[in-house]
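Close look at the chain arrangement
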Amino acid sequence: MEDITVPFSEVHHVTIDKLGDVPIKRGNFQLLPSHVQTWLAQMIQLCTPRDIHICDGSDEEGEIATKLLVENGQLSPLKKYQNCYICLTDPRDVARVESKTFLITKDKFQSVPHSREGANCVLGLWKSPDEIKKDIDDRFPGCMRGRTFYVIPYSMGPMGSSLSKIGVEITDSAYVVLSMRVMTHVSSEIWKYLRNGEEFVRCLHSVGVPLPTTQSIVNNWPCNPEKTLVVHFPDSRKVMSFGSGYGGNSLLGKKCFALRIAGRIAYDEGWLAEHMLIMSVTNSQGEEKFIAAAFPSACGKTNLAMLTPAIPGYTVRCIGDDIAWMRFDKETGELRAINPEAGFFGVAPGTNMKTNPNAILTCLQNSIFTNVGETADGGFYWEGLEEETPAGTEITAWTGEKYKLGEDKTKKSSHPNARFCCPARQCPIIHDKWQDPAGLPISAIIFGGRRPEGVPLVIEAFNWTHGVFLAAQLKSESTAAAEHTGKRIMHDPFAMRPFVGYNFGKYIQHWLDFEKTPNNKLPKIFHVNWFRVDENKKFLWPGYGDNIRVLDWIIRRANNEDVAEPSAVGLLPKKGSLNLQGLNVDWDKLMALPKAYWVGDIDETLQWLDGQLGDDLPQAIREQIQKQKERVAQLS
Ligand code: GTP
Ligand code: SPV
Ligand code: MN
């Protein structure tokens, strides 16, 4: 691509109102660092937008974007609350599209492992730079014709923290602008951190519908599903996304940057970027512990991160609900974590004042609701709110269909991956240190998934290596967060299958290697399962606020209390050591280790990991598998 000459003035108060022949509608191009200017000029030349808007993160800017979206019919105000809006997408654009998400490196095996022949690698999709060039050339030239080129400067993580990273997202979607303002720290202050040519993650997003268009635009939601493509260049820290406006496909600070690109940066720099919530639990003695937990998409992170304890004596506070950046402090050896995000993009269905009151209370103002239903009095509605909404209430479903609540139980108000997008600072239990630039010290790491069968409520790893194995063998039922249909049990190692940014074998080795630094205080690792069912498919565990009982046990273990005993799959709670007061649960069923299940499971796990990772599967994991095989053979 040719560079166009950028008019640059050393005199910063001089504003230009055009770049080439593209008007600058808002913002001062002259104030931007010169390497940013050069990149923007190239992207403007590539995308040929109608005009340019350089975002500054101000309230006024939020009002302008909101007004525009309301006028063009993409948002409609939910009049029951303050500054809340509903957005309905084209029904073809409702979730992350994993099959169109690629990693681009010259060497294939930098991105993906050496899978065995015939094993279809699902731990990242790779394309060569040449191959992707064709796809890019087929999509991006002229893609913003007739649209505004928004430039969003943002920080992932507290502004100015040494643990934070800077990104700039270009987008032609005002919905993305509004959402990024909630999900990240958007501010013109960012530019000052780039003044000396510092690196930043370059993100380009287009809905892929240049104007005028002959395509019909459904729900005023422009998108281009046939051509959707989400591409990562981990070497040059770049992301290009085309065709989708939804969630992780378009809010590029989230999965694309904070997990895939940051994961690669973390590998290079010796830290971790993980699909994890961060929370704190304080007991009645005032002792506080920080916990990080990884579950696959739509498996309970947001709910756990802000749970309301069902038993007295505990205070839970939330630091983050989806992503954690963590590094071992060189001096103290503590694992310190920050939440790189500024908002929650949470699964709406299932959220209510019983399951997750803090989430409901977070999203009563300044929030965007996508693909939910609406009540006649201008409130949000989704599956799970039945008991809080009077029967007979008129609901307008996300599909546009109207019905009266309670009359026809088959009606669905919301898409199963409908989401609320709300500022984290509004969470009633947000931790006062959630933005601490030094991060918070993690005492326990939890993995988990939806395991209807065989897997007990909680398992503690024997040691770090065994914990890494527990994470590597993570499986879960598929959910609506991506395009997978049905309820298949899928492998999702570390809850990172869709989000890893480099060779998964190296990723596992990276985890294993933290043990090699003697100064590192390795947190204990656990595996939990809230989703085991009985023969009638009913959950054996009440979940939600009662999960505090499991956290309590985990914290006692972090304090080395003698409440665990070995089993074939790890340490389990000694009978009676987990507080079940006031609950009616079948402990034996919850904790049972059926031999046939585990014998089959470990064979299948070996086969899968070996097929996916081939010789990249670390030897230490093969040894763990062998040991587990021997242990489960002894089960009675
Ligand atoms: P992403 O935002 O996609 O990463 O999802 P998440 O991991 O944050 O999941 P979330 O907390 O939003 O929960 C997803 C679904 O699981 C919701 O419908 C919840 O109601 C349900 N869920 C969460 N926690 C529990 C639990 O402890 N027990 C049961 N049975 N369901 C739960
Ligand atoms: C997930 O799928 O894990 C999410 C939602 O958190 S999205 O932002 O779409 O990735
Ligand atoms: Mn997530």
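What counts as what
Residues numbered from 1 in each chain as written. Chains lettered and ligands numbered in written order. Predicted model: local features only at pLDDT ≥ 70, side-chain atom pairs only at ≥ 80, totals over all residues. Heavy atoms only, no water. UniProt positions renumbered as here; feature names shortened; annotations may be inferred. Helix = DSSP H or I, 4+ residues; strand = E, 2+ residues; numbered from the N terminus. Buried < 20%, exposed > 50% of the residue type's maximum accessible area, 1.4 Å probe, protein only. Contact = heavy atoms within 4.5 Å. Near = heavy atom within 4 Å. Polar contact = N/O pair within 3.5 Å; in protein donor to acceptor, adjacent residues only side chain to side chain. Areas by Shrake-Rupley, 256 points an atom, 1.4 Å probe, with all protein chains shown as cover. Nonpolar A, V, L, I, M, F, W, Y, C, P; charged D, E, K, R; others polar. Domains from an automatic or database assignment. Pairing = 2+ DSSP bridges. Right-handed = clockwise from strand over helix to strand, strands pointing away. Salt bridge = Lys/Arg side-chain N within 4 Å of Asp/Glu carboxyl O. Buried area = accessible area lost by both parts, 1.4 Å probe. Lys, Arg positive; Asp, Glu negative; His and termini not counted. Phe/Tyr/Trp six-rings, centres within 6.5 Å; stacked < 30°, edge-to-face > 60°. pLDDT = per-residue confidence, 0-100.

**Observations regarding the UniProt feature "domain: Phosphoenolpyruvate carboxykinase C-terminal P-loop" (unreviewed entry) in the chain**
- Within this numbering scheme, the UniProt entry marks residues 271-631 as carrying the feature "domain: Phosphoenolpyruvate carboxykinase C-terminal P-loop" (unreviewed entry).
- Span residues 271-631 is 22% helix and 24% strand, its end C-alpha atoms 33 Å apart.

**Topic: the side chain of Thr282**
- With respect to the helices, strands and loops of the structure, Thr282 is situated in strand β15 (residues 276-282).
- We classify Thr282 as buried; its relative accessible area is 10%.
- Contacts of Thr282, omitting those with residues within four sequence positions, involve Glu287, Glu288, Gly313, Tyr314, Thr315 and Arg317.

**Digging into the site of ligand 2**
- Near ligand 2 the following residues occur: Arg96, Gly247, Gly248, Lys254, Lys255, His275, Ser297, Asp322, Phe345, Arg419, Ala481 and Phe499.
- Here Ser297 contributes a side-chain N or O atom positioned 2.5 Å from an oxygen atom of ligand 2.
- Computed on the free molecule, ligand 2 has an accessible area of 290 Å², of which 98% lies beneath the protein chains in the complex.
- Looking at the shell around ligand 2, the elements with two or more residues in it are α7 (247-250) and α8 (253-269).
- When grouped by side-chain class, the residues that make up the shell around ligand 2 number three nonpolar, four polar and five charged.
- Taken together, domain 1 (14-72 + 97-270) and domain 2 (273-343 + 431-633) each give at least three residues to the shell around ligand 2, which thus spans both.

**Some details on the pairing of strand β2 (residues 22-26)**
- Bridge count between strand β1 (residues 18-19) and β2: two bridges; the pairing is antiparallel. Paired with Leu19 across the strands is Val22, a residue of β2.
- From the end of β1 to the start of β2, which pair antiparallel, there are two residues, and Gly20 there has a positive phi angle of about 60°.
- Where β2 meets strand β3 (residues 51-54), two bridges bridge the pair, whose relative direction is parallel. Opposite Ile24, over in β3, you have Ile52 as the bridge partner.
- Handedness of the crossover is the feature at issue here: the chain leaves β2, passes through helix α1 (residues 34-47), returns alongside β3, and the resulting connection is left-handed.

**Section: the pattern of salt bridges**
- Counted according to the given criterion, the structure contains 46 salt bridges.
- Its salt-bridge partner being Arg26, residue Glu60 comes within 3.6 Å of it at the nearest N-O pair. Note that Glu60 is positioned in helix α2 (residues 59-71) and Arg26 in strand β2, a separation of 34 residues in sequence.
- The salt bridge partner of Lys301 is Asp322, with a shortest N-O separation of 3.8 Å. Here Lys301 is found in helix α9 (residues 301-305), whereas its partner Asp322 is found in the loop between β17 (315-320) and β18 (324-328), with 21 residues between them in sequence. Considered together, Lys301 and Asp322 belong to a single accessibility category, that of buried residues.

**So, the domain arrangement of the chain**
- For the chain, the domain assignment lists domain 1 (14-72 + 97-270), domain 2 (273-343 + 431-633) and domain 3 (345-425).
- On the side of domain 3, 16 residues touch domain 2, which itself brings twelve residues to the contact.
- Taken over both partners, the interface formed by domain 2 and domain 3 buries close to 1,000 Å², and the fraction arising from carbon and sulfur atoms is 56%.
- Counting across the domain 2 and domain 3 interface gives zero salt bridges.
- Grouping the amino acids of the side of domain 2 that touches domain 3 by side-chain chemistry returns eight nonpolar, four polar and no charged.

**Some points on the side chain of Arg260**
- Mapped onto the fold, Arg260 is located in helix α8.
- Buried and without a salt bridge, Arg260 has Glu98 as its closest oppositely charged side chain, separated by 6.6 Å.
- Beyond its immediate stretch of four places on either side in the chain, Arg260 contacts Thr101, Leu103, His232, Lys255, Pro498, Phe499, Val500 and Gly501.

**Remarks on the site of ligand 1**
- Near ligand 1 lie 22 residues; those nearest to it are Ala298, Lys301, Asn303, Arg419 and Tyr544.
- Within the contact set of ligand 1, an oxygen atom lies 2.8 Å away from a backbone nitrogen or oxygen of Thr302.
- Within the backbone of Pro349, one N or O atom sits 3.1 Å away from an oxygen atom of ligand 1.
- Its free accessible area being 650 Å², ligand 1 has 93% of it covered by the protein chains.

**Description of the packing of aromatic side chains**
- Tallied over the entire structure, the rule returns 25 aromatic pairs.
- When the ring of Tyr246 is compared with that of Phe345, the centres are 6.0 Å apart and the planes differ by 65°; the resulting orientation is edge-to-face. Highlighted residues: Tyr246 in the loop between β13 (238-242) and α7 and Phe345 in strand β20 (residues 343-347), separated in sequence by 99 residues.
- Judged by relative accessible area, which is 7%, Phe345 ranks as buried.
- On the basis of an interplanar angle of 80° and a centroid distance of 6.3 Å, the ring pair of Phe526 and Trp553 is categorised as edge-to-face. You can see Phe526 sitting in strand β31 (residues 524-528) and its partner Trp553 sitting in helix α13 (residues 547-558), a full 27 residues away along the chain.

**Section: the confidence of the model for the chain**
- Taken as a whole, the chain shows an average pLDDT of 96; of its residues, 98% reach a score of 70 or greater.
- In the model of the chain, β1 stands out as the element of lowest mean pLDDT, 93, in contrast to strand β11 (residues 201-206), which has the highest, 99.
- Low pLDDT, under 50, characterises residues 1-12; the stretch is placed with 24 contacts to residues that sit more than four places away or in other chains.

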